[in-house]
2 protein chains.
Amino acid sequence: MNLKARYIDMESAEYTCVLHDNDAIELGVREQDRIRIKHERNSIVALLQTTDTVVNQGEVGILGRAYGVLGPERDEIVDVVPTSKPESVKYIKKKMRGEELTTEEIRTIINDIVQHNLSNIELTAYVVALEINGMNIRETADLTMAMVETGDTITFDRGPIFDFHSVGGCPGNKITLIVVPIVAAAGLIIPKTSSRAISSAAGTADIIEVFADVNMDAHKLRTVAEKVGGTLAWGGSMSLSPADDTIIKVEYPLGIDPHAQLLASVMSKKKAAGANCLVIDIPTGAGTKVPTIEEAQAFARDFMDLGEKLGIEVRCAITYGEQPVGRAIGPALEAKEAITILEGSKHPSSVYEKSIGMAAMVLEMGGIKNGEAKAKEILESGQALTKFREIVAAQGGNPNISSSDITVGMYKHDIISAMSGYVNSIKNKQLVQIARAAGSPKDKGAGVVLNKKRGNRVLEGETLYTIYADHEAKLEQAIELARKLDPMVVENMIISKLPNSSKYTVIEETSSNVRSERN
Amino acid sequence: MNLKARYIDMESAEYTCVLHDNDAIELGVREQDRIRIKHERNSIVALLQTTDTVVNQGEVGILGRAYGVLGPERDEIVDVVPTSKPESVKYIKKKMRGEELTTEEIRTIINDIVQHNLSNIELTAYVVALEINGMNIRETADLTMAMVETGDTITFDRGPIFDFHSVGGCPGNKITLIVVPIVAAAGLIIPKTSSRAISSAAGTADIIEVFADVNMDAHKLRTVAEKVGGTLAWGGSMSLSPADDTIIKVEYPLGIDPHAQLLASVMSKKKAAGANCLVIDIPTGAGTKVPTIEEAQAFARDFMDLGEKLGIEVRCAITYGEQPVGRAIGPALEAKEAITILEGSKHPSSVYEKSIGMAAMVLEMGGIKNGEAKAKEILESGQALTKFREIVAAQGGNPNISSSDITVGMYKHDIISAMSGYVNSIKNKQLVQIARAAGSPKDKGAGVVLNKKRGNRVLEGETLYTIYADHEAKLEQAIELARKLDPMVVENMIISKLPNSSKYTVIEETSSNVRSERN
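Quantities reported herein were computed from a predicted structural model and do not represent experimental measurements.

**Student:** Would you mind showing me how to read the overall build of chain A here?
**Tutor:** For chain A, the helix and strand inventory stands at 19 helices and 18 strands. Taking 24 Å as the expected radius of gyration for a compact globule of 519 residues, we find that chain A reaches 26 Å, a close match to that expectation. Considered along the principal axes of its C-alpha atoms, chain A spans approximately 80 × 65 × 45 Å. Buried positions account for 55% of the 519 residues belonging to chain A. Put simply, of all contacts in chain A between residues at least 6 apart along the chain, 78% involve residues at least 24 apart. When the accessible surface of chain A is totalled, it reaches about 21,000 Å², and 47% of it is carbon and sulfur.

Right, here's the structure in full:
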């Protein structure tokens, strides 16, 4: 059908065109059908919307960038023909039936995703089918390789290449800033890429950005890593495993992350970045992504099996995640806390200990004996700080950076305990909400600093935590939310008495030993 | 956040708004998050798109009808706040985990669907979860009732109310035009609603529209049915079970129709239209929706169980669907063929026999003994034709309508057999594609008429079928497609010889008896 092209100044996730209802009927097509539009030698495939107002009969509206790709003049005639669904829809339906997909079928799906051939409806069907029916390790390995092959890959002149990854879910986990310099200072090469926050208060890339440039392409990642031994880069600034960026657009609104897709997402980025040896941190416990030790063990097993298929040696650490790592949450606050550790502080002890422990695992994979002692030596001798400054300098930051250079939010407010008792629990998700209300991660100075952690004795009137913000209005919003969410539960030894008579009392027998947890 | 309202002249399935990237980050929201926009006393919830070109920082773009619902002036300030996902997303995820949903949870999902609270991504997750994990009969009954309760319902002054439904999948199935008049002429009341074609060549509503008005609201449906005993209406013109219209928008592009949703879709429309007694036609066999007798039996059992829960007596007919019913495919061609039967023709015999058989089942549900004899008597005495004309007149058509009044496509082309032999198979789906290429269902005169059916002897040079079109160009397209698809397979008794030596010959022993099938 020959129609006049009309530009529609509106962007959408999918290439989209608009036909008048009558033309759609004439062409025998419906909303969400695929239309091929031809203009001279160019041709695009777009998803159909129908209308009786936005375009007239005889016209085809083409949205946003798709119009530029096709390139007609205003009112120029283009040829519009119905076209069929991409082949991968067949394989998505096969997975919906619970069947195993072949290597080639998985590759076709990922190709179609990367080339934006799938509509959101089709992409959602893929993600939901994967969430429900899963993939075995062979399929997951094929999925990982398909994601690698459709993006950039990095090859290093020397090796082996080391990497470190946390599956996330525990706020305040700024240890990458300490692990990478320790590993690089020991002479191993660790081209680390990190992500930004999606629903957390601060991704590692958000934290690093406080003091260095995290944007680099694959070439620069290689150059910096080969020069100074390590990087602190934003993974999103290079095109490693680009399928992931598209898939997450439908995972996020549903709040799901299918197991196979999560495994492939992590491992494809590591494989594409050339990793040979990988340590994975799996924060575990209530309020994290992995609630139980059993789940964490199964998760670790899958990572290791998958690593074997991909030629990456994987070791996993199941770590304590029921409260934040350290005390600071938010980009600048976390940066400051991490640099303090690099400068020699052993507090907060949870940051110090976790960093040493994770770095030690990497060092031992690199053939260094007594990894923990070596990691401590590198950190305490100042070699890690020196290496950190080299990396920061290579990424355009201050070569003499110190923790005192980091500016935190100028507006702050202490949240006070209304009673004396013990901190019985700290709710990760609620703390994250408060930090985000205060402006984190966009406002670099915003966040939360805990004054008390689980098991600590608290007196009435003492500060539980402090909220920081760059803008006064956001501080107010965060305070209001903090009052509503009450993320830190303080209780007496006698939690409650039931029924309201003196006859029955329920006493939680908790020794102060148990109460004194990781800080 | 206070932003200037800007109208965006573009319609989308979901209420949609557009924020500049920076404002979205400031607000802590991402694409596909939900935003509440407030203007004076109005407020809408819209899905977010982000942009760095379509709107400027400080503006919120609001698409199409959502702008009108909110009602701000150009550049008027509106308040924009993030809002949470609808509750039903939780229940959709529960179904993704394979759990049974409660009555209240199902009702919440359907309410959110009808109120357009779900995005396409969420709606797709619902449909895919249902396709994979299914629903038991209790859930399906709850789903059906939720779909009934969210739409219009019709209550008749007298009863019982009879209804008839075909699950479709077999082209040429115009029998509703004959069954309804027979049933109504017998004194039973049958307020029949039908659908238009989605992917078929002609829905029953498309056929009726050739000679009568199919649009009526629920009130008129009742009035006409109570006056003349039956209707031949388009279900889409009234708001019975409106959830269905939204759900089909994601089912169609995936080419799926989850079993529980299909059952609920059919039964909710019947329940809403007040049916007490229902006969269901299940066309079965290769090239239909229900390939095997076993599947058809299970399907029938589910319809009957569901009917019991809904207070509808259901009887099912498993019918032969491996080739078209009758010879005509396409709105006017099918209308003409059906009226010919009403006028006394017994050919095509498949139309005559199926109509009598289905009508007889309805009559017997109505307590009329020897239903088949009674149906034949009504048809052959001309009472059915009289009743048909009454219904047509009540729906604004010609009260003296006859088959000769129906105009078919003025362009036609015979497809000739290149060899002598037998028609071994007729491919339903390919015939439908050819009819659609010829212009069906939009061009009322377009379609296909079969000259030969399965098992018929064909001589070289004889016509296999004729393509009709209202437009010459479409006839050409259909002819081209017919050559490519070859929907009617003519073979000799000796189909092939393997290997190509005289030693082995494979002979298909087919008696002419078997070859002479339903015509």
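From this point, the discussion proceeds with the structure in view.
**Student:** What exactly am I supposed to notice about the domain arrangement of chain A here?
**Tutor:** By convention, interface size is frequently given as the accessible area that disappears when the constituent parts associate. Domain annotation of chain A identifies domain 1 (2-83), domain 2 (88-134), domain 3 (162-404) and domain 4 (411-491). With centres defined by C-alpha atoms, the gap from domain 2 of chain A to domain 4 of chain A works out at 43 Å.

**Student:** Looking at this structure, how should I read the packing of helix 6 (residues 137-149) of chain A against helix 12 (residues 293-310) of chain A?
**Tutor:** Residues and elements named next belong to chain A. Close contact between helix 6 and helix 12 brings their axes to 10 Å; oriented N to C, the two are set at 60°. Comparing the axis directions of helix 6 and helix 12 gives the class oblique. The hand of the helix 6/helix 12 crossing is right-handed. Here Ile137, Arg138, Thr140, Ala141, Thr144 and Met145 of helix 6 come into contact with helix 12, specifically with Asp302, Asp305, Leu306, Lys309 and Leu310. Considered class by class, the residues forming the contact of helix 6 with helix 12 number 5 nonpolar, 2 polar and 4 charged.

**Student:** How should I be thinking about the sheet that holds strand 15 (residues 447-450) of chain A in this particular structure?
**Tutor:** To summarise the sheet geometry, strands pair through backbone hydrogen bonds and adopt either a parallel or an antiparallel arrangement. Residues and elements named next belong to chain A. Across the sheet, 4 strands lie side by side as 12-15-17-13; this open sheet has antiparallel pairing. Taken across any chain shown, the strands that pair with only one partner, and hence form the sheet edges, are strand 12 (328-329) and strand 13 (411-416). Bridge analysis of strand 12 against strand 15 gives 2 bridges, and the strand direction is antiparallel. Residue pairing for strand 15: Ile329 is matched across the bridge by Val448. Seen against the sheet, helix 18 (residues 472-485) touches strand 13 and strand 17 (463-469) and runs at an angle of roughly 15° to strand 13.

**Student:** I'm lost on the sheet that holds strand 4 (residues 42-51) of chain B in this one. Help?
**Tutor:** Residues and elements named next belong to chain B. Read around the closed barrel, 6 strands run 1-5-2-4-3-6, paired in mixed fashion. Within this sheet the neighbouring strands show an average axis-to-axis angle of 45°, counted without direction. Pairing analysis gives 5 bridges linking strand 3 (residues 34-39) to strand 6 (residues 77-83), with the strands arranged antiparallel. Across the sheet, the residue bridging to Arg34 is Thr83, located in strand 6.

**Student:** How should the interface of chain A and chain B be read in this particular structure?
**Tutor:** Listed per partner, the contact involves 40 residues of chain A and 40 residues of chain B. Summing both partners gives a buried area of about 3,800 Å² for chain A against chain B, and 61% of it is carried by carbon and sulfur. Between the two partners, chain A and chain B, sit 4 salt bridges. Residues B:Lys442 and A:Glu26 are paired through a salt bridge, measuring 2.8 Å at the closest nitrogen-oxygen approach. The tally of links between chain A and chain B comes to 12 residue pairs in polar contact (both at pLDDT 80 or more). Sorting the residues of the side of chain A that touches chain B by element identifies helix 1 (21-27), helix 3 (88-96), helix 5 (120-133) and helix 10 (243-254) of chain A as the ones contributing at least two each. When grouped by side-chain class, the residues that make up the side of chain A that touches chain B number 18 nonpolar, 8 polar and 14 charged.

**Student:** It is not clear to me how the relation of the copies chain A and chain B should be interpreted in this structure. Could you clarify?
**Tutor:** Mapping between the two copies of the chain is achieved by a rotation about an axis and a shift along the axis. At an RMSD of 0.1 Å, chain A and chain B line up after a rotation of 180° and a shift of 0.0 Å along the axis. Expressed as an axis order, the relation between the two copies is that of a two-fold axis. Both copies contact each other with a shared surface, as 98% of the interface residues of chain A are interface residues in chain B too.

**Student:** Looking at this structure, I do not really get the UniProt feature "domain: Pyrimidine nucleoside phosphorylase C-terminal" (unreviewed entry) in chain A. What am I missing?
**Tutor:** Here, UniProt's "domain: Pyrimidine nucleoside phosphorylase C-terminal" (unreviewed entry) annotation points to residues 422-489 of chain A. Along residues 422-489 of chain A the backbone is 35% helical and 29% strand, and the end-to-end C-alpha distance reaches 8 Å.

**Student:** Looking at this structure, how should I read unusual backbone geometry?
**Tutor:** What is expected of a backbone is that most residues other than glycine have negative phi and most peptide bonds are trans. Of note, the amide linkage connecting B:Gly159 to B:Pro160 takes the cis form, showing an omega dihedral of -5°. Mapped onto the elements, B:Pro160 comes out in the loop between helix 6 (137-149) and strand 7 (162-166). Despite not being glycine, A:Asp486 has its phi angle at roughly 50°, a positive value. In this structure, A:Asp486 sits in the loop between helix 18 and strand 18 (488-491). The residue B:His116 is not glycine, and still its phi comes out positive at about 55°. Among the residues examined, B:His116 registers a relative accessible area of 47% and is labelled partly exposed.

**Student:** What should I look at first to understand the environment of B:Ala317 in this one?
**Tutor:** Residue and element names in this part refer to chain B. Structurally, Ala317 is set in strand 11 (residues 313-320). Spatially, the C-alpha atoms of Ala317 and Gly172 are 17 Å apart, while their sequence positions differ by 145 residues. Beyond its immediate sequence surroundings of up to four residues, Ala317 is in contact with Ile280, Asp281, Ile282, Met358 and Met361.

**Student:** Looking at this structure, I do not really get the UniProt feature "active site" (unreviewed entry) in chain A. What am I missing?
**Tutor:** All names here are of chain A. When the UniProt feature table is mapped to this numbering, "active site" (unreviewed entry) covers Asp257. Along the polypeptide, Asp257 turns up in the loop between helix 10 and helix 11 (259-272). The partly exposed category is assigned to Asp257, whose relative accessible area is 37%. Excluding residues within four positions of it along the chain, Asp257 makes contact with Glu131, Glu251 and Leu262.

**Student:** Would you take a moment to explain the pattern of salt bridges for this structure?
**Tutor:** Opposite charge on two side chains lets them pair, provided their charged atoms get close. Considering all chains together, one arrives at 52 salt bridges over all chains under this definition. Its salt-bridge partner being A:Glu380, residue A:Lys346 comes within 3.5 Å of it at the nearest N-O pair. In this pair, A:Lys346 sits in the loop between helix 13 (331-342) and helix 14 (349-365) while A:Glu380 sits in helix 15 (residues 371-380), placing the two residues 34 residues apart along the sequence. Its relative accessible area of 40% is what places A:Lys346 among the partly exposed residues. Residues B:Glu105 and B:Lys94 are paired through a salt bridge, measuring 2.9 Å at the closest nitrogen-oxygen approach.

**Student:** What's the story with helix 15 of chain A in this structure? I'm lost.
**Tutor:** Note: α-helices contain 3.6 residues per turn, so residues at a spacing of three or four share the same orientation. Residues and elements named next belong to chain A. Looking only at helix 15, the buried set comprises Gly371, Ala375, Ile378 and Leu379. An end-on view of helix 15 places all buried positions within 95° of arc, on one side of the element. Along its buried surface, helix 15 packs onto helix 7 (176-185), helix 13, helix 14 and helix 16 (383-394). The positive-phi residue at the C-terminal boundary of helix 15 is Gly382, with phi of around 90°.

**Student:** I'm lost on helix 11 of chain A in this one. Help?
**Tutor:** Residue and element names in this part refer to chain A. Taking 1.5 Å per residue as the helical rise, helix 11 with its 14 residues ought to reach 20 Å, and the 20 Å between its terminal C-alpha atoms agrees with that figure. Of all the 14 residues making up helix 11, 11 are buried; the element is thus mostly covered by neighbouring parts of the structure. For helix 11, the set of buried residues is Ala260, Gln261, Leu262, Leu263, Ala264, Ser265, Val266, Met267, Ser268, Lys270 and Ala272. Just downstream of helix 11 lies Gly274, where phi reads positive at about 85°.

So, how was this worked out
- Residues numbered from 1 in each chain as written.
- Chains lettered and ligands numbered in written order.
- Predicted model: local features only at pLDDT ≥ 70, side-chain atom pairs only at ≥ 80, totals over all residues.
- Heavy atoms only, no water.
- Helix = DSSP H or I, 4+ residues; strand = E, 2+ residues; numbered from the N terminus.
- Rg over C-alpha atoms; globule rule 2.2 N^0.38 Å.
- Buried < 20%, exposed > 50% of the residue type's maximum accessible area, 1.4 Å probe, protein only.
- Contact = heavy atoms within 4.5 Å.
- Areas by Shrake-Rupley, 256 points an atom, 1.4 Å probe, with all protein chains shown as cover.
- Domains from an automatic or database assignment.
- Axes fitted to C-alpha atoms, helices over the stretch in contact; angles between N-to-C directions.
- Parallel < 35°, antiparallel > 145°, perpendicular 65-115°, else oblique.
- Left-handed = near helix turned anticlockwise from the far one by under 90°.
- Nonpolar A, V, L, I, M, F, W, Y, C, P; charged D, E, K, R; others polar.
- Pairing = 2+ DSSP bridges.
- Buried area = accessible area lost by both parts, 1.4 Å probe.
- Salt bridge = Lys/Arg side-chain N within 4 Å of Asp/Glu carboxyl O.
- Polar contact = N/O pair within 3.5 Å; in protein donor to acceptor, adjacent residues only side chain to side chain.
- Least-squares fit on C-alpha atoms with pLDDT ≥ 70 in both.
- UniProt positions renumbered as here; feature names shortened; annotations may be inferred.
- Arc of directions from axis to C-beta.
- Expected span 1.5 Å × (residues − 1).

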